[in-house]
Amino acid sequence: MSVREIDEAQVTSLIVSRFAEDFLAGTCLDVAVVGAGPAGITAARLLAADGHEVAVFERNLHVGGGMWGGGMLFPRVVIQEEAVALVQEVGVSLKPAGDGYYVADSVECVAKCAAAAVDAGARIWVGMAVEDVMIDEQDCVRGVVLNWGAVERAQLHVDPLAVKARLVIDATGHECEVLRTIERKIPEARLDTPTGRVVGERPMNATQAEGHIVALTKEVYPGVIVAGMACNAAAGAPRMGAIFGGMFLSGERAAQLAAEKLSGE
Ligand code: 48H
């Protein structure tokens, strides 16, 4: 086989120019999703499938959030019956295990959920951390402020870039980072939580945690919908341990709320 000549400069040019082209096409979004765990990816997939301009910003170089490790690094994801359709529709094979539980391979689950979101038209940017939000004159959130995840880890002083969004979904998991940023930067901010602030998650009670998560998925601050584990952390609800159905259902609910809000604007 003849050796194809590779022009290194052309490879560089293709990477930089194609990145710039794709990134610049999404600087005014309908929805910016922060965090590519099960809740964020599901919300992004459903919104993109509904025709919205969506991007997911994920600090790590990989997507999937807490799904990879299943429970305590055993790579299997347990999902309850109520969420099965949301996972099956992206092609994940779920094995019924009785009593309404289903089990999936966590690698398959991450790969297929992410692929389906991309196929639906969501852009997923990895290695990009949301370090702040953008606000308007009424302190309503109007976008996200980004820096490279590597810059964040190295604690370098590098000024960020901003992307406008009509709505932001905080799907950052246990830390609910977008809401905590709002609290830190706007001390007088009142969130739609029992105390008006981020309450912090309570110890484990899977029934309560999973039972309330869809109701806790809501716009907790003007322009910010909270999804996934961040809902429970914000509201002071328990954690659920290694069961993931609520994450997918919360992602779905966040997408519904966002679509309703966008259609009413
Ligand atoms: C960009 C960020 C930022 C930021 C964080 O943790 P996740 O998987 O979140 P969920 O809510 O989709 O799923 C939660 C689930 O994985 C879990 O932890 C469960 C069920 N726990 C129960 C228990 O009892 O422990 O994903 C969040 C993602 C991660 O990939 C983060 O890296 C990312 O968000 N992220 N990305 N900018 N500021 N903060």
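Residues numbered from 1 in each chain as written. Predicted model: local features only at pLDDT ≥ 70, side-chain atom pairs only at ≥ 80, totals over all residues. Heavy atoms only, no water.

1. Points about the site of the ligand
And then number 1: Taken together, 28 residues surround the ligand, and among them Glu58, Gly66, Met229, Arg239 and Gly241 come closest.
And then number 2: Within the backbone of Val130, one N or O atom sits 2.9 Å away from a nitrogen atom of the ligand.
And then number 3: Here Arg239 contributes a side-chain N or O atom positioned 2.6 Å from an oxygen atom of the ligand.
And then number 4: Protein contacts shield 91% of the accessible area of the ligand, which totals 790 Å² for the unbound molecule.
And then number 5: Elements supplying a minimum of two residues to the shell around the ligand: helix 2 (38–49), strand 2 (54–58) and strand 7 (128–135).
And then number 6: Sort the elements by how many residues they give to the shell around the ligand and strand 7 lands first, with three residues.
And then number 7: Of the residues contributing to the shell around the ligand, the split by class is 14 nonpolar, ten polar and four charged. (Near = heavy atom within 4 Å. Polar contact = N/O pair within 3.5 Å; in protein donor to acceptor, adjacent residues only side chain to side chain. Areas by Shrake-Rupley, 256 points an atom, 1.4 Å probe, with all protein chains shown as cover. Helix = DSSP H or I, 4+ residues; strand = E, 2+ residues; numbered from the N terminus. Nonpolar A, V, L, I, M, F, W, Y, C, P; charged D, E, K, R; others polar.)

2. Structural notes on the pairing of strand 8 (residues 141–148)
And then number 1: Most of strand 8 sits inside the fold, with six of its eight residues counted as buried.
And then number 2: Across seven bridges, the pairing between strand 7 and strand 8 is antiparallel. Bridge pairing links Ile135 to Val141 in strand 8.
And then number 3: Hairpin connection of strand 7 to strand 8: five residues between the antiparallel strands, including Asp139 at a positive phi of 65°. (Buried < 20%, exposed > 50% of the residue type's maximum accessible area, 1.4 Å probe, protein only. Pairing = 2+ DSSP bridges.)

3. Section: the side chain of Ser250
And then number 1: Among the secondary structure elements, Ser250 is positioned in helix 9 (residues 245–264).
And then number 2: Residue contacts for Ser250: discarding those within four places in its chain leaves Ile213, Val214, Thr217, Ala227, Gly228 and Cys231. (Contact = heavy atoms within 4.5 Å.)

4. Notes on the pattern of salt bridges
And then number 1: For the structure on display, the rule yields 14 salt bridges.
And then number 2: Notably, a salt bridge pairs Asp136 with Arg142, separated by 3.1 Å at the nearest N-O pair.
And then number 3: Residue class for Asp136 comes out buried when judged on its relative accessible area of 17%.
And then number 4: Residue classification places Arg142 among the partly exposed positions, given a relative accessible area of 34%.
And then number 5: One network of salt bridges, in which partners are shared, links Asp30, Arg166 and Glu265. (Salt bridge = Lys/Arg side-chain N within 4 Å of Asp/Glu carboxyl O.)

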